[in-house]
Amino acid sequence: MRILLSNDDGYFAPGLEALYLALRELGDVIVVAPERDRSGASNSLTLDRPLTLRKAANGFHFVNGTPTDCVHLAVTGMFDHLPDMVVSGINHGANMGDDTIYSGTVAAATEGYLLGVPSMAISLVSKGASDFAAAGKVAREMVERFIRAPFKQPVLLNINIPDVAADELRGVKVTRLGKRHKAEPVIKSTTPRGEPVYWIGPAGKAADSGEGTDFNAVANGFVSVTPLEIDLTHPLLIPDVSDWLVK
């Protein structure tokens, strides 16, 4: 079993180390992660410069690029054949609802999926300093389940774990993505030279957090597992757009 690990918090992130420690006994585990925090990088690829691949003292590989770069480079350049699985995380913070569009954690897993590899993105729903032990245990259980019963086709799973001790988790729920209200306004500041600068505002609160959503599951102490697909086509609008084009 060859497992590729990546993340968006950087190769030095405690969540990535916790993920490696949780999975290292399950097979040949290789880490390729960004050299710095690339949270919010989404699915961006670096096309305007070459990438470098280096190896840290702990054996982790790191790339001067995005999470998507890391997985793409690893799968298409490092391996003689596809890895059996890509696991991204453990992210320090939630990746639920609309967050998945921006998430570098989800993007790393998405790249694996697009390259034909079953992939998981794993996030710990926490804002402060956290203990990743429970999330590491969940990650191992998920990978062990995949080894026992692999899917017949590549899948992309987005997994969010409440920030509680393992024995306080109430179980696992298969969910759909919820939705947030629009983001808060940007925060304007000024540099010492008097130049205006702007910080992106925080994400909005959950707008759709009802039964069946990832927000609801995590809020009630359950691990949320959401199967994702990458098809941006809006099929219900195809007839309307066809009519519009002939007007």
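Residues numbered from 1 in each chain as written. Predicted model: local features only at pLDDT ≥ 70, side-chain atom pairs only at ≥ 80, totals over all residues. Heavy atoms only, no water.

Got a minute to help me understand the environment of Tyr11 in this structure?
Its place among the elements puts Tyr11 in the loop between strand 1 (2–6) and helix 1 (14–23). Along the backbone, Tyr11 and Val172 are 161 residues apart, and their C-alpha atoms lie at a distance of 28 Å. (Helix = DSSP H or I, 4+ residues; strand = E, 2+ residues; numbered from the N terminus.)

Would you mind going over the side chain of Thr66 with me for this structure?
Relative to the helices and strands, Thr66 is located in the loop between strand 4 (61–63) and helix 2 (67–78). Looking at Thr66, the relative accessible area reads 2%, which means it is buried. In terms of polar contacts, Thr66 uses its side chain to reach the backbone carbonyl oxygen of Ser44, at 2.6 Å. Leave out the neighbours within four places in its chain, and Thr66 touches Pro34, Arg38, Ala41, Ser44, Leu45 and Thr46. (Buried < 20%, exposed > 50% of the residue type's maximum accessible area, 1.4 Å probe, protein only. Polar contact = N/O pair within 3.5 Å; in protein donor to acceptor, adjacent residues only side chain to side chain. Contact = heavy atoms within 4.5 Å.)

Could you clarify how one ought to interpret the layout of surface pockets in this entry?
Roughly 530 Å³ of internal volume is contained in the second largest pocket. Lining the second largest pocket we find 19 residues, and of these Thr100, Ile101, Leu177, Glu229 and Leu232 sit closest to its centre. When residues of the lining of the second largest pocket are traced back to their parent elements, those giving at least two are helix 3 (99–102), helix 4 (104–114) and strand 13 (223–228). For the lining of the second largest pocket, the element with the highest residue contribution is helix 4, accounting for three residues. Looking at side-chain class alone, the lining of the second largest pocket contains eight nonpolar, five polar and six charged residues. (1 Å grid on protein atoms, 1.4 Å probe; cavity = no way out; pocket = protein on both sides within 12 Å on 5 of 7 lines; lining within 4 Å. Points joined across faces, edges and corners; volume = space filled by probe spheres on them. Nonpolar A, V, L, I, M, F, W, Y, C, P; charged D, E, K, R; others polar.)

I keep staring at the sheet that holds strand 7 (residues 156–162) and nothing clicks. Help me out?
By way of backbone hydrogen bonds, the strands of a sheet pair with one another, either parallel or antiparallel. Taking strand neighbours across the sheet as the criterion, the nine strands line up as 3-4-2-1-5-6-7-13-8 in an open arrangement whose pairing is mixed. The outermost strands of the open sheet, each flanked by one partner alone, are strand 3 (53–55) and strand 8 (172–174). Taken over all neighbouring pairs, the strand axes of this sheet differ in orientation by 25 degrees on average, direction set aside. Note: strand 8 against strand 13, three bridges, orientation parallel. (Pairing = 2+ DSSP bridges. Axes fitted to C-alpha atoms, helices over the stretch in contact; angles between N-to-C directions.)

Can you help me understand the packing of helix 2 against helix 4 in this one?
Axes are the key here: two packed helices are described by the angle between their axes and the distance separating the axes. Close contact between helix 2 and helix 4 brings their axes to 8 Å; oriented N to C, the two are set at 25 degrees. Between helix 2 and helix 4, the angle is such that the two are roughly parallel. Seen along the crossing, helix 2 lies across helix 4 with a hand that is right-handed. Residues Pro67, Thr68, Val71 and His72 of helix 2 form the contact with helix 4, whose participating residues are Gly104, Ala107, Ala108, Glu111 and Gly112. Residue composition of the contact of helix 2 with helix 4, by class: four nonpolar, four polar and one charged. (Parallel < 35°, antiparallel > 145°, perpendicular 65-115°, else oblique. Left-handed = near helix turned anticlockwise from the far one by under 90°.)

Please clarify how the UniProt feature "binding site: a divalent metal cation" (unreviewed entry) in the protein should be interpreted in this entry.
Per the UniProt record, the feature "binding site: a divalent metal cation" (unreviewed entry) sits at Asp8, Asp9, Ser39 and Asn91. In summary, the annotated positions, though distributed over 84 residues, converge in three dimensions, the widest C-alpha pair being only 9.2 Å. Note that Asp8 resides in the loop between strand 1 and helix 1. Not counting chain neighbours up to four residues away, the residues in contact with Asp8 comprise Pro34, Arg36, Asp37, Arg38, Ser39, Gly40, Pro67, Asn91, Ser103, Gly104 and Thr105. By secondary structure assignment, the location of Ser39 is in the loop between strand 2 (28–34) and strand 3. Judged by its relative accessible area of 44%, Ser39 is partly exposed. Not counting residues within four places of it along the chain, the set of residues in contact with Ser39 comprises Asp8 and Asp9. Within the structure, Ser39 has its side chain in polar contact with the side chain of Asp9 (distance 3.2 Å). (UniProt positions renumbered as here; feature names shortened; annotations may be inferred.)

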